[in-house]
Each structure stands twice: as structure tokens, then as C-alpha cells.
Amino acid sequence: MDKMIHAILVDSVIFLALFGIAVGRLPRLRMNRATIAFAGAAFLIALGGISAEEAAAAIDLSTLILILSMMIITANLKFSGFFDMAGLAVLRAADRPRKLLALVMASAAVLSALFLNDTICIMMTPLVATLCVRAKRDPVPYLIALALAANIGSAATIIGNPQNMLIGASSGISFVRFLARLAIPSIAGLMVAYILTIVVFRKEFSANERMTAAELMSGESANQNLYKPLLYKSLAAILIMIVAFILNAPVYAAAMVAAAILLTTRRIKPERVFAELDWTIIAFFGGLFIITAAVAKTEAFAWFVAKALPLVGQSMAGLSAFTLVLSNLISNVPAVMLMRPLAQYFADTEKFYLVLAMASTYAGNLTLLGSVANLIVAESAKKFGIHISFGTYLKVGLPTTVVTVILGTLYLMFT
């Protein structure tokens, strides 16, 4: 095959794959991000854009193991009733709109730092929506705040979201070190999101009158689905995992051991656990690893690096701004994968990875389409007759993203 035709075919597959991943679909085809990534990777191997050996080497098994292990842990917590218990405890404590907002955001942020932010949004959206409907409050501000807080909180740890897991595997930064550097920007970002939500939705929060309908969420409902033996076992496994993190054990290995402890059981059928796992994420990451490895071999990527480096230079501010834009063009996970090779050009590679993690995650708050967590909240809310429009979300998402990225960048630059 003529070299020029071959290059055009490879570049076309890469472009279509990245375009489809960015928008979440391809016109006239029933494909999502996972199937697009998987098919794109397969076509690139078939065309010789990347060899089968190079494709296999490109797949980061430690990242996939970490994601799979965290899914297993989260599934067991769900079966134990932990998320219902935690969510209902928060809602029972809320007797005023601003307090409800603060508790929803704080719990979403903390839980998202420990478990995948997408999972927390799946679990908490029905609880928040139900309470708001019963209390005759406008649910939109609380649900938007839930998404914002889940994204911001997830930035604080290596296990909070998929892109951080990838960065953790690539950078070698320990769990404790990562948390120590990004906890303060995330706490500050949470406060910014809280204040901006109150300002934008001032009508909902101006009176801040007492809410009595929160009592409807109390009583026996918190214990209806609680399975204490599994709950205690899950919490013990998580404690072992966290201790291993503190002792600087490999993050993926610690999570894998915790997951193995929970899979060693006489009561829960394996089929139930594995049915809860989101295999599309595994397929998505596997395909995306291969696509980005193929991208790195192209002349277009060499041009991208040549143009990006002068724009970014050694400036963390430039890196942050570039990551923010790229994450909203092609989504944060692909952006992180494409940006990883630039680490070798930075004198301080640790700071490079920390800024990349912070900016790519906070970038997800910019628009309703910016992260999967946002979409989960919006789609789940529809089941309760609640509509979150693109424009309404943007009123809070845009200023929150700009302020949090600036604050996060300044903190990482000067500390």
C-alpha cells in the first residue's frame, strides 16, 4: 500500500476515534465511547498503524487492575447498604437549604475521593432528588452541586477517578504524597463551588428557612437494606487497603488485595458482584491505550508536541490552561493519555503530573457534557421529572471551573 494512502487511512481512523470519544457517539451508528475506542484500536492494528506487540505493550495493566479492584470494592459496599446508610444519614441531618447543600457536597466529595466519582453520583442522585421533591425544594441546584463536588473531591486522590488512576500508574507518586498535594486545592475548590451555587441560585437559598420534610427520609428506611456482616467486612478490607497506601505499597496491589478479600466469601454469589462491574470502562481504557500509542507514532503528534511545548514551555500555568482546553475538546481521560509523553520535557515531573491531574479533573465541571459524572446526575434526575439544562449548569460550572483551576494552579506552583 502506498505510504501516503496508508498514512491517510491511519490518521482518518485516529481522527474518527478521537472525535467519537469526544462527543460520545458517531453519526448513524449505535456506538458509545467504549465501542468506539475498542473498534478504533482494532482497526489501527489491522491497518498497521501500530503492531500487535506494540498494542499489547501499550496497555497499562496496573491501571486496569486498579479500576477493576475499586469496582469490586464499590459493588460490595452497595450490597451492604453502605451508600444508602451514608446518604440517608446526611439527609436526616439537613434541616435548612444551605445546610443540605453543604452536607450533600461534603459527603459527595469525601466519598468520591475514596471511590469512583461516577459511582457516587449514581448512588446519591436518587436520594437527593427524592428529598428535594418531598421537601418542595428546587432540586436542580443541589444536583448540580452534587456533580461539581464529586468531580472536585475525586481530584484529591489517585483512586478518585480514572484519569487520576492513570496518572498514579504513570508518575509513581505515592497515594499519601498525591493526597497531601491535592487535598487543599480540592477543599478550597469545594468551598468555591458551594459559594457560587448559593450566589447563582440565590432565590433557593436566600431565605434558608427550616426544612421539616427531611424527617421523611429518617426512621427505619436507613436500616432496611443494611447487611451488617458484609458492611463490616467491606470496611475492614478498605481499612487494610488504606493502611497499605500509607505504608507506600503499590496502589493497584493494595486495591487488588482488598478486592480479593471481598471476593473470598460464602454468601455473595460471584455473578452478582461481576454483574455490577462496568466492563465498558475496561474496554474503553484498553482501546484508548492502543489508540494513544498509535497517535504517538504519527507525524501529527510530532507536530502537536512541537506546537504544544512552546505554548506551555515550563510554565505550570500554561500547562494547566492547555489541559483545561484539551480536556473539554476530547474529554479528560484521552487528554491525559495524550499529555503524558510531555512529562519528559519538564524539569519537575511530579508537579507536571499533579497539575495535569488537577486541571483535567476540574475541567470536567465546565459544562454538563464535561464529565461522565455530570451526565449521570442529569440522566438520573430525568427519572424524577427533573430537567437540568445545559445553560443552567453552565451558570455554575463555568465560574467554578475557572476559579478552581486558577486556585489549584497557583497552589501547586508556589508550594
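The structure this text deals with has already been given above.
Residues numbered from 1 in each chain as written. Predicted model: local features only at pLDDT ≥ 70, side-chain atom pairs only at ≥ 80, totals over all residues. Heavy atoms only, no water.

## Here's the deal with the packing of aromatic side chains
No. 1: Enumeration according to the criterion identifies nine aromatic pairs in this entry.
No. 2: Between phenylalanine 346 and phenylalanine 352, the aromatic rings sit 4.9 Å apart at their centres with planes inclined by 45°, giving tilted as the arrangement. Of the two residues, phenylalanine 346 and phenylalanine 352, both sit in the buried class.
No. 3: Connected via pairs of aromatic rings, a cluster forms that spans Phe284, Phe285 and Phe289. (Phe/Tyr/Trp six-rings, centres within 6.5 Å; stacked < 30°, edge-to-face > 60°. Buried < 20%, exposed > 50% of the residue type's maximum accessible area, 1.4 Å probe, protein only.)

## Side note on the environment of alanine 378
No. 1: Along the chain, alanine 378 falls in helix 20 (residues 372–382).
No. 2: By relative accessible area, which is 8% here, alanine 378 ends up buried.
No. 3: Through-space distance from the C-alpha of alanine 378 to that of valine 140 is 9.4 Å; in sequence the pair is 238 residues apart.
No. 4: Each residue touching alanine 378, except ones within four places of it in the same chain, is listed here: Leu368 and Ile388. (Helix = DSSP H or I, 4+ residues; strand = E, 2+ residues; numbered from the N terminus. Contact = heavy atoms within 4.5 Å.)

## Some details on the pattern of salt bridges
No. 1: The final tally for this structure, using the stated rule, is four salt bridges.
No. 2: Put simply, glutamate 54 and lysine 297 hold a salt bridge, and the shortest N to O gap is 2.9 Å. Note that glutamate 54 is positioned in helix 3 (residues 52–58) and lysine 297 in the loop between helix 15 (279–295) and helix 16 (299–312), a separation of 243 residues in sequence.
No. 3: Look at lysine 297 and you get partly exposed, because its relative accessible area is 48%.
No. 4: Glutamate 276 is the salt-bridge partner of lysine 78, the closest N and O atoms lying 3.0 Å from each other. Highlighted residues: lysine 78 in helix 4 (residues 61–80) and glutamate 276 in helix 14 (residues 270–276), separated in sequence by 198 residues.
No. 5: We classify lysine 78 as partly exposed; its relative accessible area is 37%. (Salt bridge = Lys/Arg side-chain N within 4 Å of Asp/Glu carboxyl O.)

## A short note on the side chain of threonine 401
No. 1: Its place among the elements puts threonine 401 in helix 21 (residues 390–414).
No. 2: Sequence-distant contacts of threonine 401, that is, excluding residues within four places in its chain, are made with Leu324, Tyr362, Ala363, Asn365 and Leu366.

## Considerations on the environment of methionine 105
No. 1: By the element assignment, methionine 105 lies in helix 6 (residues 97–114).
No. 2: Sequence separation of methionine 105 and leucine 143 is 38 residues, and the distance between their C-alpha atoms is 9.5 Å.
No. 3: Residues within four places of methionine 105 in sequence aside, it is in contact with Ala145, Ala149, Leu190, Ala193 and Tyr194.

## Comments concerning the layout of surface pockets
Any space left empty among the atoms is revealed by the rolling of a water-sized probe across them.
No. 1: Roughly 1,100 Å³ of volume is contained in the largest pocket.
No. 2: Taken together, 45 residues make up the lining of the largest pocket; nearest its centre are Asp118, Asp278, Ile281, Val372 and Ile376.
No. 3: If you tally residues by element for the lining of the largest pocket, the top one is helix 7 (residues 117–134), at five residues.
No. 4: In the lining of the largest pocket, the residues fall into 22 nonpolar, 17 polar and six charged.
No. 5: Within this model, the second largest pocket holds a volume of roughly 380 Å³.
No. 6: Looking at the second largest pocket, it is lined by 16 residues, and the ones nearest its centre are Ile14, Leu18, Val295, Ala300 and Leu338.
No. 7: Broken down by secondary-structure element, the contributors of at least two residues to the lining of the second largest pocket are helix 1 (3–23), helix 16 and helix 17 (316–330).
No. 8: Ranked by the residues each element gives to the lining of the second largest pocket, the list is headed by helix 1, at six residues. (1 Å grid on protein atoms, 1.4 Å probe; cavity = no way out; pocket = protein on both sides within 12 Å on 5 of 7 lines; lining within 4 Å. Points joined across faces, edges and corners; volume = space filled by probe spheres on them. Nonpolar A, V, L, I, M, F, W, Y, C, P; charged D, E, K, R; others polar.)

Remember that the coordinates give geometry; whether it matters functionally is a separate question.
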